[in-house]
Every structure is written in structure tokens, then in C-alpha cells.
Amino acid sequence: MRRFLLLYATQQGQAKAIAEEICEQAVVHGFSADLHCISESDKYDLKTETAPLVVVVSTTGTGDPPDTARKFVKEIQNQTLPVDFFAHLRYGLLGLGDSEYTYFCNGGKIIDKRLQELGARHFYDTGHADDCVGLELVVEPWIAGLWPALRKHFRSSRGQEEISGALPVASPASSRTDLVKSELLHIESQVELLRFDDSGRKDSEVLKQNAVNSNQSNVVIEDFESSLTRSVPPLSQASLNIPGLPPEYLQVHLQESLGQEESQVSVTSADPVFQVPISKAVQLTTNDAIKTTLLVELDISNTDFSYQPGDAFSVICPNSDSEVQSLLQRLQLEDKREHCVLLKIKADTKKKATLPQHIPAGCSLQFIFTWCLEIRAIPKKAFLRALVDYTSDSAEKRRLQELCSKQGAADYSRFVRDACACLLDLLLAFPSCQPPLSLLLEHLPKLQPRPYSCASSSLFHPGKLHFVFNIVEFLSTATTEVLRKGVCTGWLALLVASVLQPNIHASHEDSGKALAPKISISPRTTNSFHLPDDPSIPIIMVGPGTGIAPFIGFLQHREKLQEQHPDGNFGAMWLFFGCRHKDRDYLFRKELRHFLKHGILTHLKVSFSRDAPVGEEEAPAKYVQDNIQLHGQQVARILLQENGHIYVCGDAKNMAKDVHDALVQIISKEVGVEKLEAMKTLATLKEEKRYLQDIWS
């Protein structure tokens, strides 16, 4: 069989699942995939690799390669490597990302760009899959096109060997062309990383619009008839292309429990885990605010957990008790919830498989569904395809086939992905579907710890760690309309209910000695979202809503530094904050006034998006980006003349993009350059770690 090397760099398992799918399909197409995680550098060697390389790379944070790829990226970024280091390498790369983030698919782009700079060449065009509109829209056709590209590569390689036995030596002219191409690639990638080219936006919009248009063609019928469980013509009468059945690989045995202790620590990664008590919880918003925002204080004094302002950490959280019970009930496993789950690989499986690392050995069914599996995950098409074979009702079977088919892509987007349908929704909607436990353990991903920004300074609050969050609420419309809370924020809200104080009682002192509930946290890998080492450097902070969290830590830290060094040279600190209503969700209002009064915060610019202007006063700035525009001259001076830093924290979907657009306009106007040049300037600021983002969708 013709062999190729298949590497994946994954953060939450998406890239790994896609790579495994490629590996399984390879056999059918007459290839053999040598599959490895990119971190397993002892299992492959790109310096001597002669087979074609296929790489699947996800993106994490605000545009970083996943943690599993950090060592690989560091090694290939070594500036002493010669430009022909990978000249022998032919590769194809699939990047995964989310266009709601500024640096779309940047994990893949960083690796792609560097491989090209080191002489590697594509045998197949790079794919960029967008989770915002559905990864499968790019992933499926990219995988389908991989096989002819591999066949063509092997044919041409064989031809080259027969003609010359070696690759031709590049002529000086072709070397010059390659150099020009490399320079162009660098400029293009710098700008492309910013994701603000019109074509990129149009692609996303076209995909979304196509989905909208396809839904509108039978708008009257669909509104009344089409649903998660029913389709209408033409889909209901169409011949379907459905994906191949994923091979099953787990054998499950349920054994009566011996009553051993189970720990959340066993379900996490290699990061250290600290169990810490909640020492205080404060509601920062009024009861009539649209979102409820809580501040939680953790007592870390008896641990060696350390942090600096700007750091983030993970909270290890469980699934909702009621959802776990409903799922076990529907699976008719309620009476076995305390049974131990014993797993092994099926002897006759066609899959190259290992036991899922996120399911600890010998734990109870209840524990696994509560702490290990993301039961809220939106089921992928491969999962739907697997459920088909365990569905007895012919109409239900047909509908599941439609939802995982190529022809049913719009319905999958509308009724599964966009409706936030989860496994429980599907099982309730399709009552004749009776999947075995093994299938769920194969397809449900790991329950991920949830990241939060540190909202305090350990200089200001020794032995304490603060964080801030909105209690997430969303409407799931998969079957009936259900108001669901976020997995972690809903759990935390319940946990702190007994110790929660209203905002008027918030103080720097500890509250009463109510029994403190404990949670498990782990540090997150270091980032660069930190104050400059030189305190004289001016900084601009942009953080509407809970995006203000790390900046409270910055300001607390700066206050203590200024107390310790009264004659020190401290740069200006600008804060652009925004919320809906001045009297309902103006977070940390009292603290910000304190920082302003004492000269810690030099400029505070606040926008209220839902408050109407009073009397005849001019309409104030509605959003943070409007306020940034109003102070464009000062912003440009700080960033371009005073070597200042800008930090943006909060919503990736709208705010971060709008702030970025505002900065492009400001630089363009103040410096008198074209938009493209302004975008390059911002790309340079990002490379210099002077334009930093901590954003989420």
C-alpha cells in the first residue's frame, strides 16, 4: 500500500477525530496512513521523511496553535534552519478555526507558512474549515479531494524517479522566483492572519446566505412542517449520499461497584489540579439587568497555585445532574448508574484505536456521564450515521440519514448545529433509537475544563484569586424550546447560591464563615497577556462587560507597585469599558472611581449601549469602538510614537472585530496610509506582542 504520514495537532479532539476519519478512509482508497499526534516527535522524522505529509491543525486561544503543537512550532521557528531544510517534503494541510475570531485558522496558517519558508511544497491545496458555519462544509470536500491528489503525487513521483532518479536542481531564475514568492507569501499571510480581507468575509456570508436561501425556498411549508424529525421535498424525496459507517471499537462491561472513591482529578490532563474553597461570591449586577454577573473569590492560601494579572485558569466542572439522570433514564441505564464501567478494545475492530484517555478505569457510569463526557456536545455527522443503525422506525431512520447526508447539510445546520441540539435532544426526538453504551463512549468528546481570566492581583489580594462570569443562558430549540444554562456557569451559580452577596455588600473583607464549597482548578499554559515589564510604557485596555476582568487585576497590581515605588515612572493607563445600562451592569464602578481618583487609572472612557441620551445632550458613544474612534489621535500616538501596548478582552464575535476595524481606521487616518498598510502595522504590533487579545465566542 502507498504510505503517507498523517499528523494532527488538536486541542479539544476535533483535529484528532478528522485525522482518524482520514486514516480510516485511506484504506478504502488503497493508501496506508501512518497516524500520529504532532507532539509524538519520537514516532516520525520530517527531516528524513520521503512519503507525502498530511497535517490537520486546530486553532486555540486567539489564534495560537494547540498546546500539542507548541514544541513542534518552536522547533520549526528556529531561525538558524536553512531555507531548503524541508525542500524534500510534499504536504497538504487542513486548518480548523472559527471566523468569529480575528485570527481565523491561525494555528494551521503558522505551520503552513513556516513549512513553505523552509522549502516544503504543497501536493494539495490548504483547506480552512470554519466552525462558525460548520467544519464539515470544508472538511468533507477536502478529504474527498485528498485521494486523487495523493494518487497524482505518487504517479508524478514515480515518473520523476524513472526520468532522472533525483529532483532537478533549481536554476538561478527559479530561485529568484521562489524568493519573490516567499516574500509575497509573508506579506499575504501577515494580512490574511488578520481575517479582515473582504473575500474572507464574503465566503462566510455566502455560506450562511446559501443556507438561508435554501431554507427560504419552501419557506411556507418549512415553517409548518420541516423540523428536527421531519423533512420536506426535495430532501424527503432525494437520493442520499451518506458517510461510511464509523467502525465500532469499544467493548463495555458493567460490573457492580466495589464502592471505591472517585476523584475529579482523574479526569483532567497532565496539568496540576488544586481543590480550593470559595471564600466569597458577589452579584455585580442588579436583579433587572439582562445578564447576571457574579464575582467569585477562591482561597488559594493553602496551595502553591500562583498567578499574575492577565493569566487564565481552568475550572473543572460537571454536567447538570438533571441532564445526566434524564440521559441515563432514556438509555434505560438508571438502575446501573453505580456500576463500574470496564472498557477494552474489540478484538475484531477495523479501527486503529486506543482506549479513550478521558474515561478513567473502573469509574461508575454516573461519574463518567457527570465528569468525563461532554453530553451537551453537538453530535457530529459521523455520530448521527452511527445512530442510524440502532434506529428501528423507518421514518426516524430515514431522517437521521438525511441529517448526516450531503444533501441534508442545510437541515443539519438548522436543526442540529444552530439549534444547539445535544445527544439527549436526539434520543428524545427519535424514540426508536436505542444505541449501546459503547457507541456513546466512542463518540461523546471529553468534558473540557472551562477557562476564566484572573480578575485580581496577588499583591492586592494575597492568598486569593478572583474571577468574574455571566451566568450563561440560551434557548435550545432542537425539540421543544428549553432554556438551558451554561454547563460551568450554571453549576457555579448553584454552588455559590448559599454564600452569594448582593453588590451593595461587596467589600475587600472576607464575608461570614458560611460553609465554603470547594471547586477544582488548574493553571493554563502561560500566555503573553501581561503588563509590560517596563511600568513606564503606556497601555490601553479595552474590555466591555466581563472583558474588564483581567484589567481589574492590572489596576490592582499597578496600585500596589505605585505604593511600593512612590517616585517610580509609571505610564498612562487608559480603560475603554462598556455595558448596557449605567445603573444595572456597570461592573466595578466603585473600584474604577477609586483607581481614577488615586491616579492609577489615568483615563476612563465608558459607553452605555442601551441608555438613551438625557434631555438635549448629544448622543454619547454607544460602544467601546465608538469611544476609541473619538480618541483616535491619542490612541495612535500611544501605539505608534510611545511604544504603547493595547489589550482587548471580551467577545470575539462582534466587539473584537469592531475594535480591530476601528484601529485600522485610526491608523489609516492619523498616519495617512491605505487600509492595507494600516492592517500591516497592526500585524506588526501583534508580532511584537504589543497588540494582545483575550477573547472568546
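The paragraphs below set out a description of the structure included in this document. (Residues numbered from 1 in each chain as written. Predicted model: local features only at pLDDT ≥ 70, side-chain atom pairs only at ≥ 80, totals over all residues. Heavy atoms only, no water.)

**A look at the overall build of the chain**
Short version of the rule: Where helices and strands are cited, they refer to DSSP runs of H or I of at least four residues and of E of at least two residues respectively, numbered from the N terminus. Relative accessible area decides the class of each residue, using a 1.4 Å probe on protein chains only: under 20% of the type maximum gives buried, over 50% gives exposed, and in between gives partly exposed. Here a residue-residue contact requires only that any non-hydrogen atoms of the pair lie within 4.5 Å. For accessible areas, the Shrake-Rupley method is used with a probe of radius 1.4 Å. Any residue's cover is judged against the shown protein chains and nothing else.
Within the chain one finds 21 helices and 22 strands. Out of the 697 residues in the chain, the part that is buried amounts to 49%. Of all intrachain contacts in the chain linking residues separated by at least 6 positions in sequence, the fraction that spans at least 24 positions is 80%. Approximately 33,000 Å² of the chain is accessible, and the part contributed by carbon and sulfur atoms is 51%.

**Some thoughts on the environment of phenylalanine 104**
Among the structural elements, phenylalanine 104 can be located in the loop between strand E4 (90-97) and helix H3 (106-117). With 41 residues separating them along the chain, phenylalanine 104 and glycine 63 place their C-alpha atoms 6.7 Å apart.

**Points about the pattern of salt bridges**
So the rule is basically this: Between Lys or Arg on one side and Asp or Glu on the other, a salt bridge is scored when a side-chain nitrogen of the former is within 4 Å of a carboxyl oxygen of the latter.
Enumeration according to the criterion identifies 25 salt bridges in this entry. Across the pair glutamate 642 and arginine 637 runs a salt bridge, and its minimum N-O distance is 2.8 Å. Residue classification places glutamate 642 among the partly exposed positions, given a relative accessible area of 34%.

**Observations regarding the packing of helix H8 (residues 321-330) against helix H9 (residues 365-372)**
Here is the rule we go by: Axis angles are defined between N-to-C directions and span 0 to 180 degrees, where every axis is a line fitted to C-alpha atoms and, for a helix, only to the segment in contact. An angle below 35 degrees is treated as roughly parallel, one above 145 as roughly antiparallel, one from 65 to 115 as roughly perpendicular, and anything else as oblique. Handedness of a helix crossing follows the sense of rotation of the near helix relative to the far helix, less than a right angle counterclockwise being left-handed and clockwise being right-handed.
Across the interface, H8 lies against H9 with an axial gap of 10 Å and an inter-helix angle of 130 degrees. Between H8 and H9, the interaxial angle falls into the category oblique. By crossing handedness, the relation of H8 to H9 is classed as right-handed. In contact with Val324, Gln325, Leu327 and Leu328 of H8, H9 contributes Leu365, Gln366, Phe369 and Thr370.

**Side note on the side chain of glutamine 448**
Tracing the chain through its elements places glutamine 448 in the loop between helix H14 (437-443) and strand E12 (450-453). The contact partners of glutamine 448, leaving out residues within four places of it in the chain, are Gln11, Gln12, Cys317 and Glu374.

**Things to note about helix H20 (residues 652-671)**
Let me state the cut-off plainly: How far a helix is expected to stretch is found by multiplying one less than its residue total by 1.5 Å. Each polar contact in these results corresponds to two N or O atoms within 3.5 Å; when the atoms are within protein, one needs to be able to donate a hydrogen and the other to accept it, and residues that are neighboring in sequence are counted only if both atoms are side-chain atoms.
Counted at 1.5 Å a residue, the expected span for H20 with its 20 residues is 28 Å, and the 27 Å between its end C-alpha atoms agrees. Buried within H20 we find Ala652, Met655, Ala656, Lys657, Val659, His660, Ala662, Leu663, Val664, Ile666, Ile667 and Ser668. Two to three positions downstream of the cap, the backbone nitrogen of lysine 653 sits 2.9 Å from a side-chain oxygen, assigning the N-cap of H20 to aspartate 651. Of the residues trailing H20, glycine 672 is marked for its positive phi of about 75 degrees.

**Examining the packing of aromatic side chains**
This is how it is decided: In this analysis, rings of Phe, Tyr and Trp, with Trp reduced to its six-membered ring, are considered paired at centre separations within 6.5 Å, and the interplanar angle assigns stacked below 30 degrees, edge-to-face beyond 60, and tilted for intermediate values.
Within the structure shown, the criterion is met by 22 aromatic pairs. Seen from their ring centres, phenylalanine 274 and phenylalanine 305 are 5.5 Å apart, and the 90 degrees between their planes marks the pair as edge-to-face. One end of the pair, phenylalanine 274, is in strand E8 (residues 274-283); the other, phenylalanine 305, is in the loop between strand E9 (293-299) and strand E10 (312-316), with 31 residues separating them in the sequence. On the numbers, 5.2 Å between centres and 80 degrees between planes, the contact of phenylalanine 554 with tyrosine 647 is edge-to-face. With phenylalanine 554 in helix H16 (residues 549-564) and tyrosine 647 in strand E21 (residues 645-651), this residue pair connects regions lying 93 residues apart in the sequence.

**Considering the sheet that holds strand E18 (residues 539-542)**
The cut-off we apply is this: Strands are labelled as partners when DSSP assigns at least two bridges between them.
Read across the sheet, 5 strands follow the order E20-E19-E18-E21-E22 without closing on themselves; strand pairing throughout is parallel. Only two strands of the sheet have a single partner each, and these edge strands are strand E20 (603-608) and strand E22 (691-696). Averaged over all pairs of adjacent strands, the angle between strand axes in this sheet comes to 10 degrees, irrespective of strand direction. Bridge count for E18 against E21 is 4 bridges, and the pairing is parallel. Counterpart to isoleucine 540 in the pairing with E21 is isoleucine 646.

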